[in-house]
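Report on the structure
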Amino acid sequence: MSPEMIRLIAHSTGETLYMVAVSALIATLFGLPLGVFLATSGKGELFAAPWVNRVVGVIVNATRSTPFIILVVAIIPFTRLIAGTSIGTNAAIVPLTIAATPFIARLIEGAIREVDQGLIEAARAFGASPFQIVRKVLIPEALPGIVLGLTLAVVSLLGFSAMVGAVGGGGLGDLGIRYGYQRFMPEMMLAVVVVLIVLVQAVQSIGDRLARRLNKRIRHA
Amino acid sequence: MNAPLGYLGSEPAQRLIPAAPIVRLEKVSKTFPGRDGQPVTALREINLSVPQGSILGVIGRSGAGKSTLIRLVNGLEKPSSGKVIVDGADIAALPEAALRHARRSIGMIFQHFNLLSSRTAADNIALPLEVAGYDKAEIRTRVEELLALVGLSDKRNRYPSELSGGQKQRVGIARALATKPKVLLSDEATSALDPETTRSILDLLTKINAELGLTILLITHEMAVIRNIAREVAVIEGGHIVEQGDVFEIFTRPQHEVTRSFLADESGRALPPYVANHLRAEASPGSQAVIRIGFRGPHATDPVLARLAREHGIEANILSGAVDEIAGRPFGTLVVGVPERSLAAALDFLNKPGLDTEVLGHVA
């Protein structure tokens, strides 16, 4: 492999990591409250607002069912509004964030719904407010599940980021398509795939390890 | 048991000064919307008073409405009608913020402990204090006191998954006591524990009641719990309180079918199968009459059968029996068989205060 290729791969890896990290961070920022809301606003729950819950649920599902590549193209005007441009790595962060937010919200909702209802009852019984219950009970208790969910989201984002080459977002996927496929450089394609595999493995094992450390439900030797 | 007999015959001292009720339910009913649109009535016109400093047990089968009842007291459930007064405040009428404040003076413990798995024992106990806005130093001292009270000082940094059931419930009790409540609600707190651990948790609750003067309202389906710690009992069935009063009185002279069924689970009350299977309503040639004799208070240790034999020449055949303690007072049950011809004389002899006799039937 030529030094030029290595330089290209390193550069694209940097772009991928940047896009994924920034979009994962922003999507978590929006996805966490959204997920908490979805998990607590059903009928008879802490912030009971069944109608709003249903409407938000529909929006979340709609976003999640839109194929990512269509989402990228469809929201170009919005991307331009936010990022000032519709082309490039920064512009790619906008559709990545929008695709990841409802995904993360659903994962966090799932993790929070796993928390034993008895804990909510106990917290209400000692006088905790709904916000205190979220902050002091639900999120800490759901944390291992939330971490696993975020790990899954980051892995998915690595996959999504391969498609943002379509809007000049760069990154590993773009490199693989342009060099590996269009310029007939199978070794480049292979290298890209290997780097992605390593990244996914690394993210997954860091996430697993963190979740395990946070999980006090199981006795540690 | 070791108290002088004179005491056993009289009413317990605390009954002489009627304490003001700290919890009072007045004509409380609760209906839930049912699955098929038909409302389900969980509680009907419940009246219940829990005197300050007492231990009142509510016993009932599952589905009798006891969980709903205890949840009305701290406002986890709202009554459909009626009033729930705790320490002078109408719990059902309080706005949300005031209710949260009121709940700090009503502790609650649960069957499955409901501890946060992500917090250590000490941090679980600290949680209600954090929620109530205590500062860090106050929380630390209070948590230490509570750990010592429940005997878990050496487990302060353990997570619930590292504790036994009994230890978890001790943490639950400490957490419930953190904000110095006046009332402790116990929701089947020992139902997930083995008998020995149950005993130690009940001892702890008794100690807390005596030392802190804390009023305890507990619900259970276990007779042993009522017998060991309650002074007053309410028997609940189908959303009604069917019987209510002093534990010893209620359980030595049960009036209601449900009360009897709880006692039947107890040793000595139930007929052994070899008697039950042959029991007939009518006497037949050569049959024996089966009598259940309940001995209450000081008579529980009287040699009644010996006197029956000596003074009347009636030899009673013991079929089953036990001497037990209810609410700290001895109580015995004997099931005996006597020859049919001696039945009248035996009943006559046994007809005296402190003894309850009941002819159950006849066995050939």
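Residues numbered from 1 in each chain as written. Chains lettered and ligands numbered in written order. Predicted model: local features only at pLDDT ≥ 70, side-chain atom pairs only at ≥ 80, totals over all residues.

If you look chain B up in an unreviewed UniProt entry, it shows as Cell division ATP-binding protein FtsE from Microvirga flocculans. One UniProt comment on chain B, placed under Function (unreviewed entry), says "Part of the ABC transporter FtsEX involved in cellular division. Important for assembly or stability of the septal ring." Its UniProt record gives chain B the following Sequence similarities (unreviewed entry) comment, quoted word for word: "Belongs to the ABC transporter superfamily." (UniProt positions renumbered as here; feature names shortened; annotations may be inferred.)

By the naming in an unreviewed UniProt entry, chain A goes by D-methionine transport system permease protein and is assigned to Microvirga flocculans. UniProt's Subcellular location (unreviewed entry) comment on chain A is quoted here verbatim: "Cell membrane". Reading the Sequence similarities (unreviewed entry) entry of the UniProt record for chain A gives the comment "Belongs to the binding-protein-dependent transport system permease family. CysTW subfamily."

1. Comments concerning the overall build of chain B
Along the backbone of chain B there are 13 helices and 14 strands. Projected onto its principal axes, the C-alpha positions of chain B cover 80 × 50 × 40 Å. Across the 364 residues in chain B, those meeting the buried criterion constitute 43%. Of the contacts made within chain B by residues no fewer than 6 positions apart, 69% connect residues no fewer than 24 positions apart. (Helix = DSSP H or I, 4+ residues; strand = E, 2+ residues; numbered from the N terminus. Buried ≥ 20, exposed ≤ 12 C-beta atoms within 10 Å, placed from the backbone. Contact = placed C-beta atoms within 7 Å.)

2. Some words on the domain arrangement of chain B
All names here are of chain B. Taken domain by domain, chain B holds domain 1 (14–264) and domain 2 (273–363). Spacing between the C-alpha centres of domain 1 and domain 2 amounts to 38 Å. Each partner contributes residues to the interface: domain 1 has 8 residues there, and domain 2 has 7 residues. No other element matches helix α9 (residues 247–252), which puts 4 residues into the side of domain 1 that touches domain 2. (Domains from an automatic or database assignment.)

3. Describing helix α5 (residues 136–149) of chain B
Residues and elements named next belong to chain B. Compared with the 20 Å implied by 1.5 Å per residue over 14 residues, the 20 Å span of α5 between its first and last C-alpha is a close match. For α5, the complete set of buried residues consists of Ile139, Arg142, Val143, Leu146 and Leu147. Around the axis of α5, the buried residues are gathered within 140 degrees of arc, so they sit on the same side. Exposed and oriented more than 90 degrees from the buried face of α5 are Ala137, Glu138, Thr141 and Ala148. Elements that come into contact with the buried residues of α5 comprise α4 (121–131) and α6 (165–177). Looking at the residues trailing α5, positive phi occurs at glycine 151, about 75 degrees. (Expected span 1.5 Å × (residues − 1). Arc of directions from axis to C-beta.)

4. Looking at the environment of glutamate 243 of chain B
Locating glutamate 243 of chain B in the fold gives a position in strand β10 (residues 240–246). With 10 residues separating them along the chain, glutamate 243 of chain B and valine 233 of chain B place their C-alpha atoms 8.1 Å apart.

5. Points about the nonpolar core
One finds Val73, Ile125 and Leu217 of chain B to be the most contacted residues of the largest nonpolar core, which totals 156 residues. The leading source of residues in this core is helix α5 (residues 89–113) of chain A, at 15 residues. For this core, the two domains that each supply at least three residues are domain 1 (14–264) and domain 2 (273–363) of chain B. (Core = buried A, V, L, I, M, F, W, Y, C linked by C-beta atoms within 7 Å.)

6. Things to note about the sheet that holds strand β14 (residues 355–363) of chain B
Residue and element names in this part refer to chain B. Here 4 strands make up an open sheet; going across it, the order is β12-β13-β11-β14 and the pairing antiparallel. Both outer strands of the open sheet, β12 (317–326) and β14, are each paired with one neighbouring strand and no more. Adjacent strand axes in the sheet meet at a mean angle of 15 degrees, parallel and antiparallel pairs treated alike. Two strands pair when backbone bridges link them, and β12 and strand β13 (residues 329–339) are joined in this way by 9 bridges, in the antiparallel orientation. Directly across from asparagine 317, in β13, lies its bridge partner glycine 337. (Pairing = 2+ DSSP bridges. Axes fitted to C-alpha atoms, helices over the stretch in contact; angles between N-to-C directions.)

7. Considerations on the interface of chain B and chain A
Contacts between the two partners involve 22 residues from chain B and, on the opposite side, 20 residues from chain A. Looking at the side of chain B that touches chain A, the elements that each hand over two or more residues are α3 (96–103), β6 (106–110) and α4 of chain B. Here the side of chain B that touches chain A takes 4 residues from α4 of chain B, the largest share from any one element. Looking at the side of chain B that touches chain A residue by residue, the classes come out as 9 nonpolar, 8 polar and 5 charged. (Nonpolar A, V, L, I, M, F, W, Y, C, P; charged D, E, K, R; others polar.)

8. A few points about the UniProt feature "transmembrane region" (unreviewed entry) in chain A
Per the UniProt entry, the sites bearing "transmembrane region" (unreviewed entry) are residues 17–39, 51–76, 82–105, 145–168 and 188–207 of chain A in this numbering. Along residues 51–76 of chain A, the helical share is 88% and the strand share 0%, with 31 Å between the first and last C-alpha atoms.

9. A look at the UniProt feature "domain: ABC transporter" (unreviewed entry) in chain B
The UniProt feature table records "domain: ABC transporter" (unreviewed entry) at residues 23–263 of chain B. Note that residues 23–263 of chain B is 38% helix and 27% strand, and that its end C-alpha atoms are spaced 27 Å apart.

10. Quick word on the sheet that holds strand β3 (residues 55–59) of chain B
Residue and element names in this part refer to chain B. Sheet architecture is open: 6 strands sit in the order β6-β7-β8-β3-β9-β10, paired in mixed fashion. Of all strands in the sheet, those with a lone pairing partner are β6 and β10, marking the two edges. Strand-to-strand, the axes of this sheet are offset by a mean angle of 15 degrees, without reference to chain direction. Of the pairings in the sheet, the one linking β6 to strand β7 (residues 183–187) comprises 5 bridges and is parallel in character. Its bridge partner lying in β7, isoleucine 106 is registered against valine 183. Against the sheet, helix α2 (residues 66–73) makes contact with β3, β6, β7, β8 (215–220) and β9 (232–237), and its axis sits at roughly 155 degrees relative to β8, the strand it touches most. Along the sheet face, helix α10 (residues 257–264) touches β3, β9 and β10 and points at about 110 degrees away from the line of β9.

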